[in-house]
Amino acid sequence: MKPIVATLPRFKPMYGWTNRILRVDLSEGRIWAQETEPYAPDYIGARGIAAKILWDEYPEAVDPFDPRNPFMVFPGALTGTIAPYSGRTNVCSFSPQSHPYPWFTRASIGFDWGAKLKRAGYDGLVVTGASETPVHILIHDDEVSILPADGTSTDAWSANEASACALWGLDTIETQEVIQAKYGKAARTLTIGPAGERLSRIATVHTATSSVAGQGGFGAVMGAKKLKAITVIS
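Residues numbered from 1 in each chain as written. Predicted model: local features only at pLDDT ≥ 70, side-chain atom pairs only at ≥ 80, totals over all residues. Heavy atoms only, no water.

Looking only at helices and strands, the chain features six helices and 13 strands. What you see for the chain is a C-alpha radius of gyration of 16 Å, in line with the 17 Å of a compact globule of 234 residues. Considering the chain as a whole, with its 234 residues, one finds that 53% of them fall into the buried category. Of the contacts made within the chain by residues no fewer than 6 positions apart, 61% connect residues no fewer than 24 positions apart. Looking at the chain as shown, the accessible area adds up to about 10400 Å², and 53% of this sits on carbon and sulfur atoms. Positive and negative side-chain charges of the chain, numbering 22 and 23 respectively, have mean locations separated by a distance of 5 Å. (Helix = DSSP H or I, 4+ residues; strand = E, 2+ residues; numbered from the N terminus. Rg over C-alpha atoms; globule rule 2.2 N^0.38 Å. Buried < 20%, exposed > 50% of the residue type's maximum accessible area, 1.4 Å probe, protein only. Contact = heavy atoms within 4.5 Å. Areas by Shrake-Rupley, 256 points an atom, 1.4 Å probe, with all protein chains shown as cover. Lys, Arg positive; Asp, Glu negative; His and termini not counted. Charge placed at Lys NZ, Arg CZ, Asp CG, Glu CD.)

Okay, here's the thing in structure tokens:
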């Protein structure tokens, strides 16, 4: 695939919210932003806004491995501030782990990925659709890219660039090391390992060396979307 790059507008900020939610459709290769204002402050942040989006857009449950299943990542309302004990981020989706029932649920993850997303100007991220080949979402402030993650090169993606981001098949630590080698130590990444790629219903989502969204099997949701990693640089 060819890299897809979009530069997104900013909306009027709302006190503790950036007033911008990042949306990515991997089936259509579309990247856009929507305002947070319709959801805040009634739903505050994290799983509240995620649940409201799901309620509005999904009148019926979908299978966890269906491309329509939204993979949502929302930091807490105070994540990225100096408020104590406020560094958590929620990962939400219809859960493979709840099989045979497609329950909507969430897991919490720590470290500073959520804070980085807020500093980049987003209150949350919603990924829908599924790519035909492995991809990597790169968020660099207003610029958001969908990049190949399988090491293949195209006219717009040189062999050297592609080989530097041959991520599919790597474990979670290796993936982050390769990404930081290319984009610098400031890059923060959510990623899956081989279990998520193989759609294990208990696969987890990782950042850093020990922070894990361990509930729900959301690593398999990323795997079904062929989404290897989501990196933020801010």
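There's more to say after this.
On to the pattern of salt bridges. Applying the stated criterion across every chain yields a total of seven salt bridges. Asp56 is the salt-bridge partner of Lys52, the closest N and O atoms lying 3.1 Å from each other. Of this pair, Lys52 and Asp56 both sit in helix H1 (residues 47-57), four residues apart, roughly one helical turn. For Asp56, a relative accessible area of 42% corresponds to the partly exposed category. The closest approach of N and O atoms between Lys228 and Glu197, which form a salt bridge, is 2.7 Å. Of this pair, Lys228 sits in strand E13 (residues 227-233) while Glu197 sits in helix H5 (residues 194-197), and the two are 31 residues apart along the sequence. (Salt bridge = Lys/Arg side-chain N within 4 Å of Asp/Glu carboxyl O.)

All right, on to the sheet that holds strand E3 (residues 30-34) then. Overall, mixed pairing links the six strands, which are arranged E3-E2-E7-E4-E5-E6 in an open sheet. Strand pairing shows two members of the sheet lacking a second neighbour, E3 and strand E6 (104-109), which therefore form its edges. Neighbour-to-neighbour, the strand axes of the sheet open up by a mean angle of 15 degrees, direction not taken into account. Across the sheet, H1 lies against strand E2 (21-25), strand E4 (71-75), strand E5 (89-94), E6 and strand E7 (124-128), angled at about 145 degrees from E4, the strand it touches most. This element, helix H2 (residues 113-120), spans E4, E5 and E7 of the sheet and lies at about 85 degrees to E4. (Pairing = 2+ DSSP bridges. Axes fitted to C-alpha atoms, helices over the stretch in contact; angles between N-to-C directions.)

Take H2 next. Within H2, seven of the eight residues are buried, leaving the element largely enclosed by the surrounding structure. Of the residues trailing H2, Gly121 is marked for its positive phi of about 105 degrees.

Everything listed here is a matter of geometry and, on its own, says nothing about what the molecule does.
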